[in-house]
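Given next are the chains, with one letter for each unit.
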Amino acid sequence: MGKKIKRIGVMTSGGDAPGMNAAIRAVVRACAYYNIECIGVYRGYQGLIDGDFEKLTSRHVSNIINRGGTILKSARSTEFRTVDGRAKAYKNLKNAEIDALVLIGGDGTFTGGMIFNKEHNFPCIGIPGTIDNDIFGTNFTIGYDTALNTVVDVIDKIRDTASSHNRLFFVEVMGRDAGFIALNAGVGAGAEEILIPEENLGLDRLLESLKRSKRSGKSSSIVVVTEGDKIGKSVFELADYVEENLPQYEVRVSVLGHMQRGGSPSCFDRVLATRLGVKAVELLLDGQTNLMVGLVNNKVETTDLENAVKEHHLINKELLRVSDIMSI
Ligand code: F6P
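Because the structure is predicted, anything quoted here is derived from the model rather than measured.

Peer 1: Which residues make up the overall build of the chain, and what values go with them?
Peer 2: Each helix and strand in the chain was counted, giving 11 helices and 11 strands. For 328 residues, the compact-globule estimate of 2.2 N^0.38 gives 20 Å, and the chain sits close to it at 22 Å. C-alpha atoms of the chain, sized along the principal axes, occupy 70 × 35 × 30 Å. Going through the 328 residues of the chain one by one, you find that 52% of them count as buried. Long-range contacts, defined here as pairs at least 24 residues apart, represent 76% of the contacts in the chain between residues at least 6 apart.

Now the structure itself:
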């Protein structure tokens, strides 16, 4: 059992995600509930190195449950990748008498936390916050549900103009190496084809499917493409290729980009963030470290940070089959 925790630091790191503020609020208020202090660390690991800290009370986190982004800001720190950078961070934490950290972010954030723990034996608990949903050990990451709803809403709008002009639209969505957003939003928005990095269906199959759509009388189509798709072409090259090979199609491209990371979090993300935030504080008070909290079958569970980083959260391939059936 480590020393008694009296002060917990909380930070957000990597790409922001809707619901991060709800998680910060949960951590701050759980600390207040258990009579310990909570210190906000600004700009992720860079803030640790710069000693950019502020004591947070319950009132600091009023009216943020509904706000997208992160009040603590986020950054990707190259300095924290160095031994010296991490030593500076440790010194600042010691000076501020912070005993443990709650890290809200994705796999890069957790990798940083693990290395830091190994070098300085500093207690860390991770909360998965990323729109990509690509973290092992949780069915859902904070921000993913909101991003899905944003994407579906936008594709619905694209569909209006696509069908008015009889056009084929390629819609590129985020997901660095993971197709969760594309697959689920694609099925939810009724896309004809969904291209994800986990499954390279090949260009021939795409052309075949689009020809079939035309033959079956469809006048417009939506193809959702993950930014990290492995088909070997950018979404613009893909669109050119299809237009060259299927001149009967008039093709347009929409890259949704960072709008997918913004906006007010869905109720699901707020509740998820709140549950995970409370659990993270309770684990630290219980003397636990190097764990990530996640939601598995609607229960809050823990996974070793190492596994959360090493293992892969697998997409549901059944959804691809369902999508195929729907695009008849
Ligand atoms: O990890 C979340 C994510 O939004 C990815 O989907 C995307 O590839 C990346 O972040 C974009 O990062 P940046 O903020 O550096 O543009």
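Past the structure itself, the notes keep going.
Peer 1: Which residues make up the environment of E282, and what values go with them?
Peer 2: Secondary-structure assignment places E282 in helix 9 (residues 267-285). Among the residues examined, E282 registers a relative accessible area of 30% and is labelled partly exposed. On a C-alpha basis, the gap between E282 and R159 in space is 46 Å, while along the polypeptide they are 123 residues apart. Here Y34 takes part through its side chain, which lies 2.4 Å from a polar atom of the side chain of E282.

Peer 1: How would you sum up the domain arrangement of the chain? Please name residues and give values.
Peer 2: According to the domain assignment, the chain contains domain 1 (7-143 + 265-310) and domain 2 (144-261). Between the C-alpha centres of domain 1 and domain 2 the distance comes to 34 Å. In this assembly, 18 residues from domain 1 lie in contact with 13 residues from domain 2. With both sides pooled, the region where domain 1 packs onto domain 2 buries about 1,200 Å², and carbon together with sulfur makes up 52% of that total. For the domain 1 face of the interface with domain 2, the top three residues by lost area are I131, D132 and N133, together amounting to 45%. Run the count over domain 1 and domain 2 and you get eight residue pairs in polar contact (both at pLDDT 80 or more).

Peer 1: Tell me about the sheet that holds strand 8 (residues 221-226), residues and numbers included.
Peer 2: Pairing within the open sheet is parallel, and its four strands lie in the order 7-8-6-9. With partners counted over all chains shown, the strands left at the sheet margins are strand 7 (193-195) and strand 9 (250-255), one partner each. Neighbour-to-neighbour, the strand axes of the sheet open up by a mean angle of 20°, direction not taken into account. Inspection of the sheet shows strand 7 paired to strand 8 by three bridges, in the parallel sense.

Calculation rules
Residues numbered from 1 in each chain as written. Predicted model: local features only at pLDDT ≥ 70, side-chain atom pairs only at ≥ 80, totals over all residues. Heavy atoms only, no water. Helix = DSSP H or I, 4+ residues; strand = E, 2+ residues; numbered from the N terminus. Rg over C-alpha atoms; globule rule 2.2 N^0.38 Å. Buried < 20%, exposed > 50% of the residue type's maximum accessible area, 1.4 Å probe, protein only. Contact = heavy atoms within 4.5 Å. Polar contact = N/O pair within 3.5 Å; in protein donor to acceptor, adjacent residues only side chain to side chain. Domains from an automatic or database assignment. Buried area = accessible area lost by both parts, 1.4 Å probe. Pairing = 2+ DSSP bridges. Axes fitted to C-alpha atoms, helices over the stretch in contact; angles between N-to-C directions.

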